[in-house]
Protein chains: 2
Amino acid sequence: MNAIGMVSGKLWTGFLGPRIGLCNNALRAMSCHTNTQIVEEVAKLLELKAQLGTDDGKQMFALKTPKGTRDYNPKQMAIRESVFNTIISCFKRHGAETIDTPVFELKETLTGKYGEDSKLIYDLKDQGGELLSLRYDLTVPFARYLAMNKISNIKRYHIAKVYRRDNPAMTKGRYREFYQCDFDIAGQYDPMIPDAECIKVVHEILAELQLGDFRIKVNDRRILDGMFAVCGVPDDKFRAICSTVDKLDKASWEEVKNEMVGEKGLAPEAADRIGEYVRMHGGFDLAEKLLQDPQLSQNKHALEGLTDMKDLFKYLELFKITDKVIFDLSLARGLDYYTGVIYEAVLIRPQNVHPSEELVSVGSVAGGGRYDGLVGMFDHKGRKVPCVGVSVGIERVFSILEQKAEASEEKIRTTETQVLVASAQKNLLEERLKLTSELWDAGIKAEVLYKKNPKLLSQLQHCEETGIPLVAIIGEQELKEGVVKLRNVATREEVDVSRVTLVEEIKKRSIQS
Amino acid sequence: MNAIGMVSGKLWTGFLGPRIGLCNNALRAMSCHTNTQIVEEVAKLLELKAQLGTDDGKQMFALKTPKGTRDYNPKQMAIRESVFNTIISCFKRHGAETIDTPVFELKETLTGKYGEDSKLIYDLKDQGGELLSLRYDLTVPFARYLAMNKISNIKRYHIAKVYRRDNPAMTKGRYREFYQCDFDIAGQYDPMIPDAECIKVVHEILAELQLGDFRIKVNDRRILDGMFAVCGVPDDKFRAICSTVDKLDKASWEEVKNEMVGEKGLAPEAADRIGEYVRMHGGFDLAEKLLQDPQLSQNKHALEGLTDMKDLFKYLELFKITDKVIFDLSLARGLDYYTGVIYEAVLIRPQNVHPSEELVSVGSVAGGGRYDGLVGMFDHKGRKVPCVGVSVGIERVFSILEQKAEASEEKIRTTETQVLVASAQKNLLEERLKLTSELWDAGIKAEVLYKKNPKLLSQLQHCEETGIPLVAIIGEQELKEGVVKLRNVATREEVDVSRVTLVEEIKKRSIQS
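What you see is a predicted model, and the numbers here were worked out from it, not measured in a lab.

Draft legend 1. Local environment of the interface of chain A and chain B. Taken together, the contact pairs 97 residues of chain A with 98 residues of chain B. Both faces considered, chain A and chain B share a buried interface measuring about 9,300 Å² in area, 58% of it formed by carbon and sulfur atoms. At the junction of chain A and chain B, the tally comes to 18 salt bridges. Among the ionic pairs, Asp441(B) bridges to Lys200(A), the shortest N-O distance being 2.6 Å. On inspection of chain A and its partner chain B, the count reaches 47 residue pairs in polar contact (both at pLDDT 80 or more). Here the side of chain A that touches chain B takes 7 residues from helix 16 (residues 429–441) of chain A, the largest share from any one element.

Draft legend 2. Quick peek at the packing of helix 4 (residues 74–93) of chain B against helix 7 (residues 193–209) of chain B. Residue and element names in this part refer to chain B. Where helix 4 contacts helix 7, the axes come no closer than 10 Å and their chain directions differ by 150°. As judged from the angle between their axes, helix 4 and helix 7 are roughly antiparallel. Seen from above, helix 4 lies across helix 7 with right-handed handedness. Residues Val83, Thr86, Ile87, Cys90, Phe91 and Arg93 of helix 4 touch helix 7, and the partners they reach there are Val201, Glu204, Ile205, Glu208 and Leu209. In terms of residue class, the contact of helix 4 with helix 7 is made up of 7 nonpolar, 1 polar and 3 charged.

Draft legend 3. Expanded view of the side chain of Glu197(B). Note on placement: Glu197(B) falls in helix 7. On the accessibility criterion, Glu197(B) (2% relative accessible area) is buried. Within the structure, the side chain of Glu197(B) is placed 2.3 Å from the side chain of Tyr450(A), a separation counted as a polar contact. Ignoring anything within four residues of it in the chain, the contact list for Glu197(B) reads Trp440(A), Tyr450(A), His94(B), Lys155(B), Phe183(B), Ile185(B) and Phe319(B).

Draft legend 4. Region of interest: the relation of the copies chain A and chain B. Superposition of chain A onto chain B requires a rotation of 180° combined with a translation of 0.0 Å along the rotation axis, giving an RMSD of 0.0 Å. A rotation of that kind, with that shift, is consistent with a two-fold axis. Both copies contact each other with a shared surface, as 100% of the interface residues of chain A are interface residues in chain B too.

Draft legend 5. Expanded view of helix 6 (residues 139–148) of chain B. All names here are of chain B. Taking burial as the measure, the 10 residues of helix 6 include 9 buried ones, the bulk of the element. Listed in full, the buried residues belonging to helix 6 are Thr139, Val140, Pro141, Phe142, Ala143, Arg144, Tyr145, Leu146 and Ala147. Residue lysine 150 follows helix 6 closely and has a positive phi angle near 50°.

Draft legend 6. Geometry of the sheet that holds strand 15 (residues 483–488) of chain A. All names here are of chain A. The 5 strands lie next to each other as 13-12-14-15-16, forming an open sheet whose pairing is mixed. Each end of this open sheet is capped by a strand with a single partner; those strands are strand 13 (446–448) and strand 16 (494–498). Recorded for the sheet is a direction-independent mean angle of 30° between the axes of neighbouring strands. Bridge count for strand 12 (residues 419–423) against strand 14 (residues 470–474) is 5 bridges, and the pairing is parallel. Counterpart to valine 421 in the pairing with strand 14 is alanine 472. On top of the sheet, helix 17 (residues 456–466) reaches strand 12, strand 13, strand 14 and strand 15; it is set at about 175° to strand 12, its chief contact.

Draft legend 7. Local environment of the environment of Ala302(B). Residue and element names in this part refer to chain B. Note on placement: alanine 302 falls in helix 13 (residues 300–318). In the structure, alanine 302 is positioned 74 residues away from phenylalanine 228 in sequence and 9.8 Å away in space, judged by C-alpha atoms. In this structure alanine 302 touches Arg222, Ile223, Gly226 and Leu296, once residues within four positions along its chain are discounted.

Draft legend 8. Structural view of helix 11 (residues 268–277) of chain A. All names here are of chain A. Among the residues of helix 11, those classed as buried are Ala270, Ala271, Ile274, Gly275 and Tyr277. When helix 11 is viewed along its axis, its buried side chains cluster within an angular range of 160° and face the same direction. Facing away from the buried side of helix 11 by more than 90 degrees, the exposed set consists of Glu269 and Glu276. Buried residues along helix 11 sit against helix 8 (221–231), helix 9 (238–245), helix 10 (253–263) and helix 12 (284–291).

Conventions used here
Residue numbers run consecutively from 1 along every chain, following the written order of its sequence. The naming scheme follows written order: chains are lettered A onward, ligands numbered 1 onward. Residue-level local features of this predicted model are given only where pLDDT is at least 70; pairs of side-chain atoms are given and counted only at 80 or more, and the full residue set underlies all totals for whole chains, interfaces and linings. Side-chain metrics rest on all non-hydrogen atoms present in the structure, leaving aside hydrogens and water. Any pair of residues with heavy atoms lying within 4.5 Å of one another is described as a contacting pair. Two parts lose some accessible area (1.4 Å probe) when they are put together, and adding that loss for both gives the buried area. Here, a salt bridge means any Lys or Arg side-chain nitrogen found within 4 Å of an Asp or Glu carboxyl oxygen. Two N or O atoms count as a polar contact when they lie within 3.5 Å, although within protein this holds only if one can serve as hydrogen donor and the other as acceptor, and sequence-adjacent residues are included solely when both atoms are side-chain atoms. Each helix is a run of DSSP H or I of at least 4 residues and each strand a run of E of at least 2, with the numbering of both proceeding from the N terminus. Interaxial angle, 0 to 180 degrees, is taken between N-to-C directions of lines fitted to C-alpha atoms, where a helix line uses only the stretch in contact. When an angle is under 35 degrees it counts as roughly parallel; over 145 it counts as roughly antiparallel; between 65 and 115 it counts as roughly perpendicular; any other value is oblique. It is the rotation of the near helix from the far one that decides the hand of a crossing: anticlockwise by less than a right angle makes it left-handed, clockwise makes it right-handed. When residues are sorted by character, Ala, Val, Leu, Ile, Met, Phe, Trp, Tyr, Cys and Pro go into the nonpolar class, Asp, Glu, Lys and Arg into the charged class, and all the rest, Gly among them, into the polar class. When accessible area is computed with a 1.4 Å probe and restricted to protein chains, residues below 20% of their type maximum are described as buried, those above 50% as exposed, and intermediate ones as partly exposed. Alignment of the copies relies on least squares applied to C-alpha atoms, considering only residues that score at least 70 for pLDDT in both. Two strands are counted as paired when DSSP detects at least two bridges linking them. This arc is taken over the directions from the axis of the helix to the C-beta atoms.

In structure tokens:
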């Protein structure tokens, strides 16, 4: 009897619980390096076994969603809908149109756009025909869309799911399938005006969602490039070092420095000089101060970036949002395609806010920046369309709001039904159906139980459980008199209403409730 | 110089046009069987060439969406949104909640659910970890969701994209990525009541979308099975013959018969007997008539199906929709999982409607049926949850409405912007930004051009092009006086409005327009 045989009777690979249990108990005697390794090996074997079917001939398989994904139940959908409404309202307030693109793109469309992150792209199996990949973000499809349709200016939003074969951390809202809510402005405009609007959009959304305090960090790829140059980073290492700097929000400076020197082969002195810069943060004043930096100010890229940064803060001042925006030289953002300003919004744990500047973030909820070269990569004449945009990652927002909803006593309704058509008497199914149909045709949201002779109590219970506020009760007497007994579920008040005015009466009462 | 070399200078594989031209002209001299074959071969070579890059070393690739997919531009999105609103309103009117599931499922979740159509499933590449497939419909994920969460009754809708590696016919609205709008009722109820509601839902949606006349064909798998039995189809051929009968909406009886006899090995006499039944259509009366059929009425399955069919028509009569519903014995529907009533809605070309029964359909826009066994396939104890549902396929609906919109003169607005903040004078960017920001914060949908000194004319043109009804114009004088010149774009009327009441004035005018 082997380890697998021991548990096959209870085999159900859909739950993590049994796997862990298996590792701790049944396999304790096995020689192994770590529990994790065993768990992984066993999981693989169980998967294989599930594919082969169980001993009794009945096919068994994991009853689960793929790793890193989840279903949304009706309550979660109600929260999701309200978050989307807030975000879409904001995008529309700023005059954006919307587009949609396919969930997959030609594989080559995504190639060379994401730097080190490219390994996280989901590919489709080659089943003959084109090679396809699931979209990794909404920005590259947007750029492809602009180039393909020769569009040189547009302000659009796009809300859709994207896919990354990342290590999921679902309690923190990190999934392999997740929504992005993107707002982008494409076109040749005067510097930093659309860029400032994107930051304003993030500010409005985060303020309106009431998730607690937040900060929006900004930086500029040109400032980073200038900084790397004056610190002595060789040109061909800029992007690699940039990716490493990007890890500063999760890792310590020591770890980041080790990666720069060890993995990326940077001189320790260069790393140390970078270390000095990336500790800096401020606002308009910091940009001015760095413009006085004897080395940085000599670098063309840094000079441009810093001058624009001053303009950006001037516009943010007009928008009255500089209290939440930090010019932070450690902000790098990993994606290859950024060319100018970059930004990232983080939520701050309210309990940890104290006068010192050491704010503990619970993670990024929005990010973006300027990418002036991306559309040109798709245009066969290399025509450039300057773009700037922001992407709101709402899974983390959902997590927070779901936890809030669970903690509160408030009941979330998942339907909008205004009235249940019911009866206390038998053999009135046809009359109930007829009345319900009349209500539907009049635009009333109505339900009826799918039983020939349901008990009145179970009909009332259905209303209580699902929050239906009204019951329209019919019986022989009511039918004879041409009336309906309209009952208020909460107050238990009942009133006879003429069938002719029923729709009107329901509408009147629905506005009140 | 070969055929490919001849055109490589203009190589751009994204458009179909050049490919066709290539076949007709450059390749005419080549020996070949059909033009189609050449086109296919050339397309393959062009794809290969695109992947390898062009001669000048610059990587070239097809600037296109994957085969059978499309982008939605802002105008198409506006149409899509209005169609969704109609459909969602209907689903909510019938008391449905909503859920969402991942775009991919474990491959094994989809295995054995779709019969012959399984070959059309998109698989993901094995990149380590679980084997995944894109969802083929929303029904199987729904059943998986019910089993996984041990839900025994729910009425839910789900609107999402599904994926099929089918032969696309995009002008007819047949895509490889397309939306389904599903409404399903799960639970143990009295016969045919939820089934009738599903048909009512289809009727409401198609009537409201105003796509022209339509019919909803209904049949029952049990009647089909009974029919096959009494016609002498061996038990193990039921599903295969059912798939073939399903083709009757696109193929002639002769073709279908040939497939039954030739490919599926059915005796010609059995096929002929099926041929007699599948010509029948009617309503309540046909069900009654068939209940008198000496053979069919002896079959247990057919008896159940026909008895239920009578009930169904009784309920549809109460819903007042029998004029659009046809009991049609040729309706089969290919999917394996149906167990009871099945239905399919088809649009009818208005110009072809004449008193005879020969209605020309422009294709199916909705379909569904009862699937009482599907959830049990996912439950490890085999617990059954009876389900019935309908899926509205809206791509065809979009195609029709897009053609309508193009034909009409009416301009579709793609943004909701209420006001553009503008200026006729120079150096007022900051004042424009400040005012725009004030409007955003007050919930007004406002835009401002991203130029330091735009011309008033170009600001007004932007309003005309995008349908913005109001312009808030500021100049030195207005700023001094604390007013804004509010201009109605359509009437060109201008009125000075105090800055204090501006928001109110804009709101007032937005309701009017």
